[in-house]
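This is what each chain is made of:
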Amino acid sequence: MGAVKLELHCPQSVDGIALDPEPDWNFDALLSELNSLEMKLNTSAKVPARFTKSRLRDFSNEKSDDKCPRPFVMHVFEDEMEDSESDGEDNRRLVPAKRFKCEKHYLSDDSDDELALEFQSYLMDEVGLVESALCELTYEYQVDTKEKIRNKISALETDLMGETEKSASALTRVEKYREVRREIDKKLDTQYQRKIAEALDNHLTAVQRDHELRSQIEERKIRSDAAYEEAKRKEKALQEEKIRQEKARAESEARLRAEEAKRAALEVERREAKEAAEREANETAAKVAAGVAQEAAAGCQLDANSGISNESKGFPSDESKNPQSDGNVLRAAESALLLEQGRLQKLQQIEESNQALRLTHNKDFSSYERHIARLIRQISGTKEIVREKSHEIVKIFNDPLCPQPISIAAFAKKVVSRCESPDNDAFACGYVIVLVISQVPHAMDLLLAELHRACTYTVPKHIIYSKSAFESKEAYYKAIGYRETEGKIESIGDYLRRLESYMKLYGAIIQTEVQGVRNIHGLKEGWAWIARFLNTMPANRYTAVALNAFLQMAGFALFRKYKSQFMKVLSIISNNFLEALKAREESGLRATIVEIQAYMEDKKFLKEPEGKALQGSLLSSVMVPEPDYYNSYSRQQPNKYFY
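Residues numbered from 1 in each chain as written. Predicted model: local features only at pLDDT ≥ 70, side-chain atom pairs only at ≥ 80, totals over all residues. Heavy atoms only, no water.

Looking at an unreviewed UniProt entry, the protein chain carries the name mRNA export factor GLE1, with the source organism given as Carya illinoinensis. Regarding the protein chain, the UniProt comment filed under Sequence similarities (unreviewed entry) reads as follows: "Belongs to the GLE1 family." As its UniProt record puts it under Subcellular location (unreviewed entry), the protein chain is described as follows: "Nucleus, Nuclear pore complex". (UniProt positions renumbered as here; feature names shortened; annotations may be inferred.)

What follows is the structure in structure tokens.
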């Protein structure tokens, strides 16, 4: 490959034609000038035939750069055929050119160059200076124009590539923007759907609440109508029951007259037995009163030799070594014995009248008794339960379909039997008892009578073993409260556990205080009990368990009310009762003695016992006695049931 570089110094104009265009021409003006020049050349006779063109130059209307004022330089390029596809680059080599003037002959300095040889055919003949200059000028202009066109094309390609890159970048940004907008739209759509779902859910909730409210209104209306119908039905049933009772009473009178003769004989026998028991009780009470006076004068000294000394066949042998005489088997205060006798008589009268009512009505009232038992089993130490169960029990008492003596007797029996349950809450039962008794006061005597039957130490009363008074030890154990199961007397451990539970219930009753409600068997009765106990009870295993259970439940309330007087009572217990217990030297007493000593030494009476306070708000704010209960009861029941 070779390149020839020629530099020509030509005149500025030939025949009035400017060889160099104006330097400030634009591309369109240059094209126009070239076209006019070609037309002149074609019409001129001096131009050789080989420069004649069949058509004008046809360039695109593109703007060209201004011509650079430099010498005329001819560049001849030859592409490498072998390397053009591999690296895409043009290897150019420049051959030094020599300046020449337009003489008669147009010769090349380098005779070996192929390009120079190509032009020899045109340089052989002598041409004119104008033709030669015009030829060179034309060729130079063509080369320069091609170079400009190439530069323009390269610039356009560069611009096109730049624009393409910009377009691609813009398209990429547009795609990214579209993706971002799509994500934003998706999020907005999700949020909108969520808001729609929330609004729909709120609307459905409101609709459901409205339906529930309407349903509750309808249910209340239905219940109100049902209650009204039930009241009418009960009133009608009550009237029918009264009519039936009158008929049954008329029929039973005839039957009772027939049985009157038979019953009269039994009544005579029972009256004789009762009179004998009363005479014996009076004699015993007189002797006990004399003993009480002696003990009080001695400073409440307790007889340490009258308790349990040993055990025989697994059961206690109370005073077995020193049996008492026939007339001195009871240790109790006379006032306590009189109260016990009166309560037991009332309970016996109620039981007899209930039996007569069952015969008269010829009706089974066991469903009411089971209902009361279920309510008592459900009692727990919360204010809602206490209020609810108290209200339902009083409601049963005022039920016209069930005579009140039957429901009250069932209540007293079920409360006492509940003491035997291991999950019994004595404090909660005490609250229920006080609230129920505030509406039906005479029920307290029946409840205490049931307690006296189950545990004589609630009187307090102690029965001393006497061979002449009891046929056997088993008979004595039954008299003091032991139970017989399948022909066997229960163990002392079982008996003491029941005794403790009965005493805890009794202590819970006397210490229960509810604002606005009067406890008719309250702390005053508890103070009387502990005074009678210390004045009359011997120091033994039974009395120790009873006293310990009572102090654990009621000691806190007694101290708050009596303060220094209660401290004196504790001093008597420590100096007399405990000393008498220690003197017995029984292994079974040791645990109870330790508990009583710990109670006094640790001053547990200063701390409220666990379970005393109900869970929730104060009971007085949720359970206020309703006088209508008592008034309605007094209007419905005859006076013979009041004591």
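A. Molecular detail of the overall build of the protein chain. Scanning the protein chain for helices and strands turns up 19 helices and 11 strands. Counting across all 643 residues of the protein chain, residues that qualify as buried make up 37%. Sequence separation of at least 24 residues holds for 77% of the intrachain contacts in the protein chain that already meet a minimum separation of 6. (Helix = DSSP H or I, 4+ residues; strand = E, 2+ residues; numbered from the N terminus. Buried < 20%, exposed > 50% of the residue type's maximum accessible area, 1.4 Å probe, protein only. Contact = heavy atoms within 4.5 Å.)

B. Summary view of the packing of helix H16 (residues 564-584) against helix H17 (residues 590-601). One way to put it is that H16 packs onto H17 with a least axis distance of 11 Å and a crossing angle of 160°. Considered as vectors, H16 and H17 are oriented roughly antiparallel to each other. For H16 against H17, the interelement crossing comes out left-handed. Taking contact as the criterion, the partners of Leu570, Ile573, Ser574, Leu578, Leu581 and Lys582 in H16 are, on H17, Ile593, Ile596, Gln597 and Met600. (Axes fitted to C-alpha atoms, helices over the stretch in contact; angles between N-to-C directions. Parallel < 35°, antiparallel > 145°, perpendicular 65-115°, else oblique. Left-handed = near helix turned anticlockwise from the far one by under 90°.)

C. Looking closely at a nonpolar patch on the surface. On the surface, Val180, Ile184 and Leu188 cluster together into a nonpolar patch covering about 240 Å² of accessible area. Here Leu188 falls in the partly exposed class, since its relative accessible area comes to 46%. (Patch = residues over 30% accessible without salt bridge, like charges linked within 9 Å, V, L, I, M, F, W, Y side chains within 5 Å. Areas by Shrake-Rupley, 256 points an atom, 1.4 Å probe, with all protein chains shown as cover. Salt bridge = Lys/Arg side-chain N within 4 Å of Asp/Glu carboxyl O.)

D. Main features of the packing of aromatic side chains. For the structure shown, the criterion picks out 20 aromatic pairs. Measuring from centroid to centroid gives 6.4 Å for Tyr457 and Tyr542, while their planes differ by 35°, and the two rings are tilted. A residue pair is termed long-range when its members are at least 10 positions apart, and Tyr457 in the loop between helix H11 (443-454) and strand E9 (461-463) and Tyr542 in helix H15 (residues 541-562) qualify at 85 residues. For the pair shown, Tyr457 and Tyr542 are each scored as buried. The ring of Tyr465 has Lys473 sitting right over it, with the charged end atom 5.3 Å from the ring centre. We note Lys563 situated over the ring of Phe559; from NZ or CZ to the ring centre the distance is 5.7 Å. (Phe/Tyr/Trp six-rings, centres within 6.5 Å; stacked < 30°, edge-to-face > 60°. Lys NZ or Arg CZ within 6 Å of the ring centre and 35° of its normal.)

E. The pattern of salt bridges, seen in detail. Counting across every chain of the model gives 24 salt bridges. Put simply, Glu147 and Arg150 hold a salt bridge, and the shortest N to O gap is 3.7 Å. Of this pair, Glu147 and Arg150 are both found in helix H5 (residues 129-297), 3 residues apart, which corresponds to roughly one turn of the helix. A residue is classified by how much of its surface remains accessible, and Glu147, at 33% relative accessible area, is partly exposed. The exposure class of Arg150 is partly exposed, given its relative accessible area of 47%. A salt bridge links Arg214 to Asp210, with the nearest nitrogen and oxygen atoms 3.0 Å apart. Of the two residues, Arg214 and Asp210 both sit in helix H5, 4 residues apart, roughly one turn of that helix. By relative accessible area, which is 53% here, Arg214 ends up exposed.

F. Representation of unusual backbone geometry. Between Val459 and Pro460 the backbone carries a cis peptide bond, its omega angle lying at 0°. With a phi close to 55°, Glu486 is a non-glycine residue in the positive phi region. Take Glu486: its relative accessible area is 78%, and that puts it in the exposed class. In this model, Lys603 sits at a positive phi of 55°, which is unusual for a non-glycine residue. Position of Lys603 relative to the elements: it lies in the loop between H17 and helix H18 (619-622). Judged by relative accessible area, which is 45%, Lys603 ranks as partly exposed.

G. View of helix H10 (residues 426-439). If you check H10, its first and last C-alpha atoms are 20 Å apart, about what 14 residues at 1.5 Å a residue would give, namely 20 Å. Most of H10 sits out of view: 13 of its 14 residues are buried. Two to three positions downstream of the cap, the backbone nitrogen of Phe427 sits 3.4 Å from a side-chain oxygen, assigning the N-cap of H10 to Asp425. (Expected span 1.5 Å × (residues − 1). Polar contact = N/O pair within 3.5 Å; in protein donor to acceptor, adjacent residues only side chain to side chain.)

H. Geometry of the nonpolar core. With 101 residues, the main nonpolar core has Met503 and Ile573 as its most contacted residues. Per-element accounting of this core gives the leading share, 13 residues, to H15. In this structure Met503 touches Cys455, Tyr457, Thr458, Trp529, Ala546, Ala549 and Phe550, once residues within four positions along its chain are discounted. (Core = buried A, V, L, I, M, F, W, Y, C linked by side-chain atoms within 4.5 Å.)

I. Molecular detail of the confidence of the model for the protein chain. Per-residue confidence for the protein chain gives a mean pLDDT of 75; residues scoring 70 or more make up 67%. When pLDDT is averaged over each element of the protein chain, H15 comes out on top at 95 and strand E6 (residues 308-312) at the bottom at 32. With pLDDT under 50 throughout, residues 45-124 is counted as low confidence; its partners more than four residues away or in other chains account for 116 contacts. pLDDT under 50 marks residues 617-643. Its contacts with residues more than four places away, or in other chains, come to 49 contacts. (pLDDT = per-residue confidence, 0-100.)

J. Here's a closer look at the side chain of His462. Relative to the helices and strands, His462 is located in strand E9. Classification of His462 by relative accessible area gives buried; the value is 0%.

K. Broad picture of helix H14 (residues 523-536). With 14 residues, H14 should reach 20 Å at 1.5 Å per residue; the first-to-last C-alpha distance of 20 Å fits that figure. By the burial criterion, the buried members of H14 are Leu523, Gly526, Trp529, Ile530, Arg532, Phe533, Leu534, Asn535 and Thr536.

L. Quick look at the packing of H14 against H15. Taken N-terminus to C-terminus, the directions of H14 and H15 make an angle of 135°; their axes are 10 Å apart at the nearest point. Taken together, the axes of H14 and H15 are oblique relative to one another. The two elements H14 and H15 cross, and the hand of that crossing is left-handed. Residues Leu523, Lys524, Gly526, Trp527, Trp529, Ile530 and Phe533 of H14 form the contact with H15, whose own contacting residues are Thr543, Ala546, Leu547, Phe550, Leu551, Ala557, Leu558, Lys561 and Tyr562. Grouping the amino acids of the contact of H14 with H15 by side-chain chemistry returns 12 nonpolar, 2 polar and 2 charged. (Nonpolar A, V, L, I, M, F, W, Y, C, P; charged D, E, K, R; others polar.)

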